Amino acid sequence: MDPLIEAFGLVFDPFVLAVIGLSAIFGMFVGAMPGLTATMATALLVPVTFFMPPVPALGAIVTATTMAIFAGDIPGAMLRMPGTPASAAYADESYAMTQKGQLNLCMGVNLVFSVGGGLIGVAVLIAFAPLLAEVAINFSSYEYFWLACLGLTCAVFMSNADPVKGFLSLFFGLLLATVGIDPAAGFPRFTFDDVNLMGGVNFIATMIGMFAVSELMRGAVTFDLATKAVPQAVGSLFRGLGEVTRRYWLNFLRGSAIGTAIGALPGAGADIAAWISYAVAKRFSKQPEKFGTGEVEGIVDATSANNSALGSAWIPALVFGIPGDSITAIVIGVLYMKGMNPGPTVFQENPQLIYAVFLIFILANLIMFPLGWAAIKSARQILRVPRNLLLPVILLFCLVGSFAMTNSLYGVVLMLAMGVLGWVMEEHGIPIAPLILGLVLGEMLEQTFVQSMIKADGAFLEFFSRPIAGSLGVFTLLIWLVMLARGFRRAPAAAPA
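Residues numbered from 1 in each chain as written. Predicted model: local features only at pLDDT ≥ 70, side-chain atom pairs only at ≥ 80, totals over all residues. Heavy atoms only, no water.

Turning next to the overall build of the protein chain. In terms of regular secondary structure, the protein chain is built from 21 helices and two strands. With 497 residues in all, the protein chain has 56% of them scored as buried. Long-range pairs, those at least 24 residues apart, make up 80% of the contacts in the protein chain between residues at least 6 apart in sequence. Accessible surface, the protein chain as shown: approximately 21,000 Å² in total, 70% of it carbon and sulfur. (Helix = DSSP H or I, 4+ residues; strand = E, 2+ residues; numbered from the N terminus. Buried < 20%, exposed > 50% of the residue type's maximum accessible area, 1.4 Å probe, protein only. Contact = heavy atoms within 4.5 Å. Areas by Shrake-Rupley, 256 points an atom, 1.4 Å probe, with all protein chains shown as cover.)

Moving on, we come to the packing of aromatic side chains. Using the criterion set out here, one finds 15 aromatic pairs in the structure. Plain terms: the ring middles of Phe 145 and Phe 449 are 5.6 Å apart, the flat faces sit at 40° to each other, and that makes the pair tilted. Here Phe 449 lies in helix 20 (residues 433–456) and Phe 145 lies in helix 8 (residues 141–158), a separation of 304 residues in the sequence. Residue classification places Phe 449 among the partly exposed positions, given a relative accessible area of 33%. Residues Phe 145 and Phe 463 carry aromatic rings whose centres are separated by 5.2 Å and whose planes lie at 75° to one another, so their mutual orientation is edge-to-face. With a gap of 318 residues between them, Phe 145 in helix 8 and Phe 463 in the loop between helix 20 and helix 21 (467–494) connect regions that are remote in the sequence. Judged by its relative accessible area of 8%, Phe 145 is buried. (Phe/Tyr/Trp six-rings, centres within 6.5 Å; stacked < 30°, edge-to-face > 60°.)

This paragraph deals with the packing of helix 2 (residues 14–32) against helix 17 (residues 351–379). Across the interface, helix 2 lies against helix 17 with an axial gap of 10 Å and an inter-helix angle of 50°. The orientation of helix 2 relative to helix 17 falls into the category oblique. Where helix 2 crosses over helix 17, the handedness of that crossing is right-handed. Contact residues: Leu 17, Ile 20, Ala 24, Ile 25 and Met 28 in helix 2; Ile 360, Leu 363, Ile 367, Leu 371, Gly 372 and Ala 375 in helix 17. Looking at the contact of helix 2 with helix 17 residue by residue, the class counts come to ten nonpolar, one polar and no charged. (Axes fitted to C-alpha atoms, helices over the stretch in contact; angles between N-to-C directions. Parallel < 35°, antiparallel > 145°, perpendicular 65-115°, else oblique. Left-handed = near helix turned anticlockwise from the far one by under 90°. Nonpolar A, V, L, I, M, F, W, Y, C, P; charged D, E, K, R; others polar.)

With that out of the way, let us pick up the pattern of salt bridges. In this structure the tally under the stated criterion is seven salt bridges. Among the salt bridges present, the one from Arg 80 reaches Asp 92, with a minimum N-O distance of 2.7 Å. Of this pair, Arg 80 sits in the loop between helix 5 (73–79) and helix 6 (91–99) while Asp 92 sits in helix 6, placing them twelve residues apart in sequence. Using a relative accessible area of 5% as the deciding quantity, one classes Arg 80 as buried. When its relative accessible area of 31% is taken as the criterion, Asp 92 is described as partly exposed. With its nearest N and O atoms 2.7 Å apart, the salt bridge here joins Glu 243 to Arg 246. Of this pair, Glu 243 and Arg 246 both sit in helix 11 (residues 241–263), three residues apart, roughly one helical turn. Looking at Glu 243, the relative accessible area reads 39%, which means it is partly exposed. Residue Arg 246 is classed as exposed on the basis of its relative accessible area of 55%. Residues joined by salt bridges that share partners form a network here, namely Arg 80, Asp 92 and Glu 426. (Salt bridge = Lys/Arg side-chain N within 4 Å of Asp/Glu carboxyl O.)

Here we take up a nonpolar patch on the surface. Residues Val 474, Leu 478, Leu 481, Leu 484 and Phe 488 make up a contiguous nonpolar surface patch of about 530 Å² in total accessible area. With respect to the helices and strands, the residue Phe 488 is situated in helix 21. (Patch = residues over 30% accessible without salt bridge, like charges linked within 9 Å, V, L, I, M, F, W, Y side chains within 5 Å.)

For soluble globular proteins, the rule of thumb is that nonpolar side chains tend to be buried together. Formed by 140 residues in total, the largest nonpolar core has its most connected members in Val 109, Trp 314 and Ile 436. By residue number, the principal contributor to this core is helix 17, which donates 13 residues. Setting aside chain neighbours within four positions, we find Val 109 in contact with Ser 114, Leu 241, Val 244, Val 296, Ile 299, Val 300 and Thr 303. (Core = buried A, V, L, I, M, F, W, Y, C linked by side-chain atoms within 4.5 Å.)

Where the residue is not glycine, phi is negative for most of them; where a peptide bond is considered, it is trans in most cases. Of note, Phe 190 is a non-glycine position whose phi angle comes to about 55°, a positive value. Within the fold, Phe 190 resides in the loop between strand 2 (188–189) and helix 10 (203–221). Judged by relative accessible area, Phe 190 falls into the partly exposed class, the value being 47%. The phi dihedral of Asp 193 falls on the positive side, at around 60°, and the residue is not glycine. Along the chain, Asp 193 turns up in the loop between strand 2 and helix 10. Asp 193 sits in the exposed class, given a relative accessible area of 76%.

One way to put it is that helix 4 (residues 54–71) packs onto helix 17 with a least axis distance of 8 Å and a crossing angle of 40°. What the angle tells us is that helix 4 and helix 17 run oblique. As for how helix 4 packs across helix 17, the hand of that crossing is right-handed. Along its contact with helix 4, which presents Pro 54, Val 55, Leu 58, Gly 59, Val 62, Thr 63, Thr 66, Met 67 and Phe 70, the element helix 17 presents Leu 353, Ala 356, Val 357, Ile 360, Phe 361, Ala 364, Asn 365, Ile 367, Met 368, Leu 371, Gly 372 and Ile 376. Broken down by class, the residue content of the contact of helix 4 with helix 17 amounts to 16 nonpolar, five polar and no charged.

As a further point, take the side chain of Ser 308. Looking at the element boundaries, Ser 308 is found in helix 13 (residues 296–312). Judged by its relative accessible area of 0%, Ser 308 is buried. Of note is the side chain of Ser 308, whose polar atom sits 3.1 Å from the backbone oxygen of Ser 256. A polar side-chain atom of Ser 308 sits 3.5 Å from the main-chain amide nitrogen of Thr 260. Those residues in contact with Ser 308 that lie beyond four places of it in its chain are Gly 117, Gly 118, Gly 121, Gly 255, Ser 256, Gly 259 and Thr 260. (Polar contact = N/O pair within 3.5 Å; in protein donor to acceptor, adjacent residues only side chain to side chain.)

Take a positive patch on the surface next. A contiguous patch of positive charge on the surface is contributed by Lys 100, Arg 247, Lys 286 and Lys 290. Positionally, Arg 247 belongs in helix 11. With relative accessibility at 47%, the residue Arg 247 sits in the partly exposed group. (Lys, Arg positive; Asp, Glu negative; His and termini not counted. Charge placed at Lys NZ, Arg CZ, Asp CG, Glu CD.)

This brings us to helix 6. Summarising burial for helix 6: seven of the nine residues are buried, a large majority. Along helix 6, the positions that sit buried rather than exposed are Ala 91, Glu 93, Ser 94, Tyr 95, Ala 96, Met 97 and Thr 98.

The next thing to look at is the confidence of the model for the protein chain. The share of residues in the protein chain with pLDDT of 70 or more is 86%, and the mean pLDDT across the chain is 80. Of the regions scoring below 50 in pLDDT, residues 225–229 engages in three contacts with residues more than four places distant in sequence or in other chains. (pLDDT = per-residue confidence, 0-100.)

Here it is in structure tokens:
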């Protein structure tokens, strides 16, 4: 018990609590700004942590990222502009709820289930860190290939109407993911001798363009029309939450479980967890046709998943020194900088610091409740600002976010181009979400496929040679066969019509 008591003393030091409080406000602001991601919040805090002891340094990063992941839901619901990639999976759903006058319920669900999912992720981090890390470390390129295939299958479930349009969007996203340096030969592809494209199509700039700029263009096109105001919700933020919790408590547990499992896999992260969890919710929903029209069910799953993934992403980082996502990649550098070499020995040499990280995670999720409530109440005033003032300000934030991610005009040009493309796609009924998913998973899919083919010497059956890989592969192929069978069954029914 001595290390635990020492950890309490370290965390509840006045200086550490002050750092946690300021980092919470900073993370909430960064997450609520479209394009300014949780990873960027972490990177901006690194120079500040140079001058701090280990506990406040880690406290600043943990708290800021926890707040940023939640805060990304706020502009997604109010403006259809996700603040972080982890909120992109259900931005359309949240915005549709706002258009129906259910902003209070939407934000209440986001806040409560974000806190709940985060606490479940922390509980798993504390209880099962060594066990889950041992499973995750055994994942080879075969397992990651099938995991990427399974993730891409989610694109079909995200397409509300026409699966063909969903596949079209997905394949275009995969095409964009091939831009840059070939992972096997190291040869530039589709770069047109432009140095900026050597690193591939920037995901953040693309996401800002697809979601934010396309919405701004739509707003500009309809500017002179009698635009209906977003219904202003009145009453408590938590009204109706009891009914949602009673109906969808299994969704909450399922989303938290999916987020925890995916977060523990190196390189996955909260955004992939949200996409997969949302698609699973739609696949197993009793009313899948309502998804995309403002259905709270998918939001419960996805917002629980992305917050629970935050805690479990620290499992491979702390136990094996392998980053679970881009945030923990930065954290590992901070740990080395503070003399805490991540790995199994850190639990033996500095157990009080590990316990301190656990306590900070719990504290950050509890702080999120009152601070998130205040942020939602403050941000709702955005809806009362005249559109002729609001649209230019939002565009300015989008420009700043895109430029900050690339430190060049390339990010700005890419954002604007993707904004036009996103607007054209939506005008023709082609969904944006599958394109974003293809861009996110495309690199992992190609890299793991090439690595696996080299290891297997071209024998595709080797993809099923390992127990976990074989199980994932069979499960993925079964889903594809079921989808094909359903497609063939629908074809004769559609022919007479």
